[in-house]
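Report on the structure
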Amino acid sequence: MIALLPWLLVLALAVVVAVLVIKLHRTEEQVLPAQQKCKELAAELQHYRSLLQHTMESLQDAVVLVTAEGTVTSANPAALRLLGEGLLGQTLLQRTLCYDLNLLLTRCVQTQRPQHAELRLSHPHPRTVFVRILPLPTAPHAAEAAYLVVLTDISELRRLEQIRSDFVANVSHELRTPLAAIRANAEALLENPTDDLATQQRFLNIIVQQTERLTRMTDDLLVLAKAEARPIPQTQPIQLSSVVHSLVDQLRTQAEDAQVTVVVDVPEDFIVYAQRDQLEQILWNLVDNAVKYNRRGGQVRIRARKTPEGSEIVVEDTGIGIPHEHLERIFERFYRVDKARSRARGGTGLGLSIVKHLVESHGGRVWVESEWGVGSRFGILLPD
């Protein structure tokens, strides 16, 4: 009996091991599906994380997560571009110096309701933004609440609205002057009929001149509207010298009256690629201005040359020049250096703006150089 005891112990151990193996096998059968499920859930979670990250990086709006105190805990690339690098860990007030934004966040924290407003940020650079702040749902045992702040940069939109407003105001002002002159002279003819033909002729001449001015302004506005739409022009090879000489012939009488000499320095075989009507409009405005605002006995020179970038055309004059502080705005609509002189010479204030838009629609660029008391040089570059 004693001899059988070891064998009984071995048998008992074998039974225990067999039972444990069976239980382990059953446990594995239960754990493996759970492990597979965990892997699937982890992969799905990673997919949604990647999708969320890609979405945040693709957004044009600045998106940041902040605490109730305004400390930034997360920010997308657009937020870093708008508010600057090193944003994490700083408060919105520290970064933007905008107390109205901080007040908007405080109101959202207190009411737990979404808030929105249009604000002007002064730091890190001046921008106008539309801000939306939303409270985010948090886990029951979360350390602190989180708030989503979305900032849409509307600076360009507000700039364009200001341009439109200024344009309407300028058009109204420019139209008012000739209309007032037409009305005044027409009323003078109606209220004081006279047999003096010279007086009548003088009143009628003023009416005709102001009507022609209105016509020029209307035509220029239509041209400018088309140019600003920037349709891609149908370009063709054009012999520049023929266009320039034709233009000079049309301005010959005006140049002779002003005692201005026009010199053409354009090779006969010089070819540019442009839409012909628009090229004529560009050159007409530049040369007409050079003659109109020159001094008596002055000179206008039209020259052209090829550069690695394309065809360069320059119109130089020996006028009084343009003060340096006006050069940046010279291509704006209705902008005049000397308003009284421009109106007296029949200018509409749209010519250089038309030049700029037409040249840029060709994929080119325009510039101006001027020295006070010496003259000005207007240049255009058209790609070949």
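The structure presented is a predicted model; accordingly, all values stated were derived computationally and were not measured.

**Comments concerning the confidence of the model for the chain**
Mean pLDDT over the chain works out to 81, with 80% of the residues at or above the 70 mark. Segment residues 340–344: pLDDT under 50, and 10 contacts once partners within four positions in sequence are set aside and those in other chains are kept.

**Digging into the sheet that holds strand 3 (residues 115–121)**
Spatially, five strands are ordered 2-1-5-4-3 in an open sheet, and the strand pairing comes out antiparallel. Two strands close off the open sheet at either side, each with one partner strand: strand 2 (72–75) and strand 3. Mean inter-strand twist for the sheet, computed between neighbouring axes without regard to direction, equals 25°. Pairing between strand 1 (residues 62–66) and strand 2: three bridges, direction antiparallel. Counterpart to Val66 in the pairing with strand 2 is Val72.

**Here's the deal with helix 7 (residues 240–250)**
Those residues of helix 7 that sit buried are Leu240, Ser241, Val243, Val244, Leu247 and Val248. Taken end-on, helix 7 shows its buried residues confined to a sector of 160°, consistent with a single buried face.

**Details of the nonpolar core**
Of all hydrophobic cores here, the largest spans 45 residues; its most connected members are Leu240, Leu279, Leu283, Leu286, Ile302 and Ile380. Counting residues per element, this core draws most heavily on helix 9 (residues 276–292), which supplies seven residues. Listed in part, the 23 residues of the second largest apolar core include Leu83, Leu92, Leu105 and Leu119.

**Focus: the packing of aromatic side chains**
Under the defined criterion, the tally for this structure stands at one aromatic pair. The interplanar angle of 85° and the centroid separation of 6.2 Å between the aromatic rings of Phe331 and Phe378 together place this pair among those described as edge-to-face. Here Phe378 lies in strand 12 (residues 375–382) and Phe331 lies in the loop between strand 10 (310–317) and helix 10 (339–344), a separation of 47 residues in the sequence. An identical accessibility class is assigned to Phe331 and Phe378; each is buried.

Rules behind the numbers
- Residues numbered from 1 in each chain as written.
- Predicted model: local features only at pLDDT ≥ 70, side-chain atom pairs only at ≥ 80, totals over all residues.
- Heavy atoms only, no water.
- pLDDT = per-residue confidence, 0-100.
- Contact = heavy atoms within 4.5 Å.
- Pairing = 2+ DSSP bridges.
- Helix = DSSP H or I, 4+ residues; strand = E, 2+ residues; numbered from the N terminus.
- Axes fitted to C-alpha atoms, helices over the stretch in contact; angles between N-to-C directions.
- Buried < 20%, exposed > 50% of the residue type's maximum accessible area, 1.4 Å probe, protein only.
- Arc of directions from axis to C-beta.
- Core = buried A, V, L, I, M, F, W, Y, C linked by side-chain atoms within 4.5 Å.
- Phe/Tyr/Trp six-rings, centres within 6.5 Å; stacked < 30°, edge-to-face > 60°.

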